[in-house]
There are 4 protein chains.
Amino acid sequence: MSAEARVRASFAKQAFMRLLGAELTHVAGGEVDLTLPFRADLVQQHGFLHAGVSAAIADSACGYAALSLMPDDAAVLSVEFKVNLLAPAEGVRFVARGRVLRRGRTVTVCRGTVHAVAADGAETHVLELQGTMMTVQGRGLAD
Amino acid sequence: MSAEARVRASFAKQAFMRLLGAELTHVAGGEVDLTLPFRADLVQQHGFLHAGVSAAIADSACGYAALSLMPDDAAVLSVEFKVNLLAPAEGVRFVARGRVLRRGRTVTVCRGTVHAVAADGAETHVLELQGTMMTVQGRGLAD
Amino acid sequence: MSAEARVRASFAKQAFMRLLGAELTHVAGGEVDLTLPFRADLVQQHGFLHAGVSAAIADSACGYAALSLMPDDAAVLSVEFKVNLLAPAEGVRFVARGRVLRRGRTVTVCRGTVHAVAADGAETHVLELQGTMMTVQGRGLAD
Amino acid sequence: MSAEARVRASFAKQAFMRLLGAELTHVAGGEVDLTLPFRADLVQQHGFLHAGVSAAIADSACGYAALSLMPDDAAVLSVEFKVNLLAPAEGVRFVARGRVLRRGRTVTVCRGTVHAVAADGAETHVLELQGTMMTVQGRGLAD
């Protein structure tokens, strides 16, 4: 199975990404993009996309960017991530881009971004993520 | 309006917390707990609660813990947060606890935890969060 | 060799801790404290202890707290850490405390704090750290 | 006083940067580089540059990158930062580059990198930082 097929098969099992309405829109070696249309049930108290939603799509994009470079029989788990919220997340859709910064045998470091896209296509950088993903092979989390 | 009433009023506007099914179960000065029952549409590819969901409830709990100590006319925004995923998030429900570590005029530092609760009531510590909240008064994010 | 002896032997090789003047003042299973006397050449531009110094002693305390629980032939490396600076670091000495939050076979999660100690013994909490340490056995960093 | 002059004047007061031997090698709007020659008293137990040293120069580079865009009468303080250690820090010198990712009135978000430079000039990416700096005007830290 190709790396892209493995990423797509795993993503299809993420029920939470379906609940959000996120879609895989780019898969390459070390690179995955997700796109999420705005929906009124994804907001925080001021009407912006909830930070937990933008963090979730950035984390998933990074996890799959890492998985795309892992061996065929490996699975990926998030060890940790850190996000900065840069601007109110307001737009008709949101694009999360996960990129591998440093690939290791056990630990892969990723950078992720989320941009809000306005009706006219203009992008605003709303979130920056730096995180660590782990290669697991038939074992529990972070062991 | 009391701090608790302000927290409850703001939480009621977080459509995303409703979508998840999270409820406010403890509000005190500098302390907020949220409880989230397990649901099959909140999982990642291995059937555990998605890291984005546990991060989202921990971030919300921390934001409201910070808000509970802010002036009446203030709003709260997340500046940044960092999470470590400590164990697979598997349980019948999840409890996110947000606590204020250091209260400042502009910036409040919080610690958050998420525990998975098994059917027999046993708790497993699954996430640890350290983050920064900002007091905003009629202004945009992080300005 | 006992865990304490291994920690002390490794610490003695950290030339940078000697340059700072930091000393090991507590070693137990999953717990290490370092104490650093104030010195005028450790400050930033406002005369407070440089954030890099307080982060360095917190990271070292956490690394050794993790090492204290590892197998005899293991070494420890920092994968990542995050610090919040809570108050100006001003005092006659500084105490960094590293504690293991979650011990794993490969990855150990730690919490660290730094307190500034005034001439009268009063402590101010100046830094909070959350980080990830890795067990390495004859291999390179984060592999 | 120009932004560059303010950065240079403040850096000259950082006694800890002198102790390390770090020098300002690039100052522009939103961009600051520091260079640190290797010295045997800056290492951890395996002979690599101590993570606390590489974090310290990355934090300083980011703080000054933020200061370079602040008003004339402002000072800068680190609110928080997160670093990933990507590879053993081994080289004849180290270059920390701080760049402003998002400039705000109160809060500025920065990205920093540290590269190890070998005798032949080859660079290895050893540290990645994401952090938050605060503009302070005659007030205490993080208030």
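No experiment lies behind these values; they were computed from the predicted model shown. (Residues numbered from 1 in each chain as written. Chains lettered and ligands numbered in written order. Predicted model: local features only at pLDDT ≥ 70, side-chain atom pairs only at ≥ 80, totals over all residues.)

Looking only at helices and strands, one finds 3 helices and 6 strands in chain A. Shown N-terminal to C-terminal, the secondary structure of chain A runs as helices and strands in the order α-α-β-β-α-β-β-β-β. On C-alpha atoms alone, chain A measures out to a radius of gyration of 15 Å, which is about the 15 Å that the 2.2 N^0.38 rule sets for 143 residues. Here the C-alpha coordinates of chain A stretch approximately 40 × 25 × 25 Å along the principal axes. Considering chain A as a whole, with its 143 residues, one finds that 57% of them fall into the buried category. Sequence-distant contacts, at least 24 apart, represent 64% of the contacts inside chain A between residues at least 6 apart. (Helix = DSSP H or I, 4+ residues; strand = E, 2+ residues; numbered from the N terminus. Rg over C-alpha atoms; globule rule 2.2 N^0.38 Å. Buried ≥ 20, exposed ≤ 12 C-beta atoms within 10 Å, placed from the backbone. Contact = placed C-beta atoms within 7 Å.)

Moving on to the interface of chain A and chain B. Much of the literature gives interface size as the accessible area that the parts lose upon coming together. Of the residues lining the interface, 33 residues belong to chain A; the matching set on chain B comes to 33 residues. Elements represented by at least two residues in the side of chain A that touches chain B include exactly helix H2 (15–20), helix H3 (51–67) and strand S3 (75–85) of chain A. The element best represented in the side of chain A that touches chain B is S3(A), accounting for 8 residues. As paired strands, S3(A) and strand S3 (residues 75–85) of chain B are joined by 5 bridges and run antiparallel to one another. (Pairing = 2+ DSSP bridges.)

Because an α-helix packs 3.6 residues into every turn, residues spaced three or four apart end up facing the same way. With 17 residues, H3(A) should reach 24 Å at 1.5 Å per residue; the first-to-last C-alpha distance of 24 Å fits that figure. Counting buried positions along H3(A) yields 17 of 17 residues, so the element is predominantly enclosed. (Expected span 1.5 Å × (residues − 1).)

So, about the relation of the copies chain A and chain B. Turning chain A through 180 degrees and shifting it by 0.0 Å along the axis lays it on chain B, with an RMSD of 0.0 Å. On the angle and the small slide along the axis, the relation comes out as a two-fold axis. Across chain A, the smallest distance between a C-alpha and the rotation axis is recorded for A:Lys82, namely 2.0 Å. An overlap of 100% is found between the interface residues of chain A and their copies at the interface of chain B, pointing to a shared contact surface. (Least-squares fit on C-alpha atoms with pLDDT ≥ 70 in both.)

Moving on: the interface of chain C and chain A. In this assembly, 10 residues from chain C lie in contact with 10 residues from chain A. For the side of chain C that touches chain A, the element with the highest residue contribution is strand S3 (residues 75–85) of chain C, accounting for 3 residues. For the side of chain C that touches chain A, the residue count by class is 3 nonpolar, 3 polar and 4 charged. (Nonpolar A, V, L, I, M, F, W, Y, C, P; charged D, E, K, R; others polar.)

Turning next to the relation of the copies chain C and chain A. Of the transformation placing chain C onto chain A, the axial shift is 0.0 Å and the rotation is 180 degrees, giving an RMSD of 0.0 Å. Take the interface residues of chain C: 100% of them recur as interface residues in chain A, which is what a same-surface contact looks like.

Here 12 strands make up an open sheet; going across it, the order is S1(A)-S2(A)-S4(A)-S5(A)-S6(A)-S3(A)-S3(B)-S6(B)-S5(B)-S4(B)-S2(B)-S1(B) and the pairing antiparallel. The outermost strands of the open sheet, each flanked by one partner alone, are strand S1 (23–28) of chain A together with strand S1 (23–28) of chain B. With direction set aside, neighbouring strand axes in the sheet form an average angle of 20 degrees. Strand direction decides the pairing type here: strand S4 (residues 93–102) of chain B and strand S5 (residues 107–117) of chain B, joined by 9 bridges, are antiparallel. Bridge pairing in S5(B) links B:Gly98 to B:Gly112. Where helix H1 (residues 3–12) of chain A meets the sheet, it contacts S1 and strand S2 (31–37) of chain A, and its direction lies at approximately 155 degrees from that of S1(A). (Axes fitted to C-alpha atoms, helices over the stretch in contact; angles between N-to-C directions.)

With that settled, the discussion passes to the confidence of the model for chain A. Per-residue confidence for chain A gives a mean pLDDT of 94, with 96% of residues at or over 70. Across the predicted assembly, pTM comes out at 0.95 and ipTM at 0.94. (pLDDT = per-residue confidence, 0-100.)

On to the sheet that holds strand S1 (residues 23–28) of chain C. The antiparallel open sheet is built from 12 strands, whose spatial order is S1(C)-S2(C)-S4(C)-S5(C)-S6(C)-S3(C)-S3(D)-S6(D)-S5(D)-S4(D)-S2(D)-S1(D). Taken across any chain shown, the strands that pair with only one partner, and hence form the sheet edges, are S1 of chain C together with strand S1 (23–28) of chain D. Neighbour-to-neighbour, the strand axes of this sheet turn through a mean angle of 20 degrees, independent of strand direction. Pairing of strand S2 (residues 31–37) of chain D with strand S4 (residues 93–102) of chain D involves 7 bridges; the strand directions are antiparallel. Paired with D:Glu31 across the two strands is D:Arg99, which belongs to S4(D).

Residue and element names in this part refer to chain D. With 5 bridges connecting them, S1 and S2 associate as antiparallel partners. The partner of Ala28 across the bridge, within S2, is Glu31. Counted between consecutive antiparallel strands, the loop separating S1 from S2 contains 2 residues, among which Gly30 sits at a positive phi close to 80 degrees.

This paragraph deals with the environment of B:Gly121. Residue and element names in this part refer to chain B. Relative to the elements of secondary structure, Gly121 occurs in the loop between S5 and strand S6 (123–136). For Gly121, a count of 7 C-beta atoms within 10 Å translates into the label exposed. Distance in space between the C-alpha atoms of Gly121 and Val109 is 30 Å, their sequence separation being 12 residues.

On to the environment of D:Arg102. When you line up the elements, D:Arg102 lands in strand S4. Between the C-alpha atoms of D:Arg102 and D:Gly30, which are 72 residues apart in sequence, the distance is 9.6 Å. For D:Arg102, the residues in contact, after removing those within four places along its chain, are A:Leu86, A:His125, D:Thr108 and D:Val109.

As a further point, take the pairing of S5(B). All names here are of chain B. The buried count for S5 comes to 10 of 11 residues, which makes it a mostly enclosed element. From the end of S4 to the start of S5, which pair antiparallel, there are 4 residues. As paired strands, S5 and S6 are joined by 11 bridges and run antiparallel to one another. Directly across from Arg111, in S6, lies its bridge partner Gln130. Counting the residues in the hairpin turn of S5 and S6 gives 5 residues, including Gly121, whose phi is positive at 90 degrees.

Let us now look at the environment of A:Phe38. Residue and element names in this part refer to chain A. As for its position among the elements, Phe38 is in the loop between S2 and H3. Since 16 C-beta atoms lie within 10 Å of it, Phe38 is described here as partly exposed. Expressed as a C-alpha distance, the spacing of Phe38 and Thr108, which sit 70 residues apart in the sequence, is 30 Å. Setting aside anything within four residues of it in sequence, one finds Phe38 in contact with Gly91, Val92 and Arg93.

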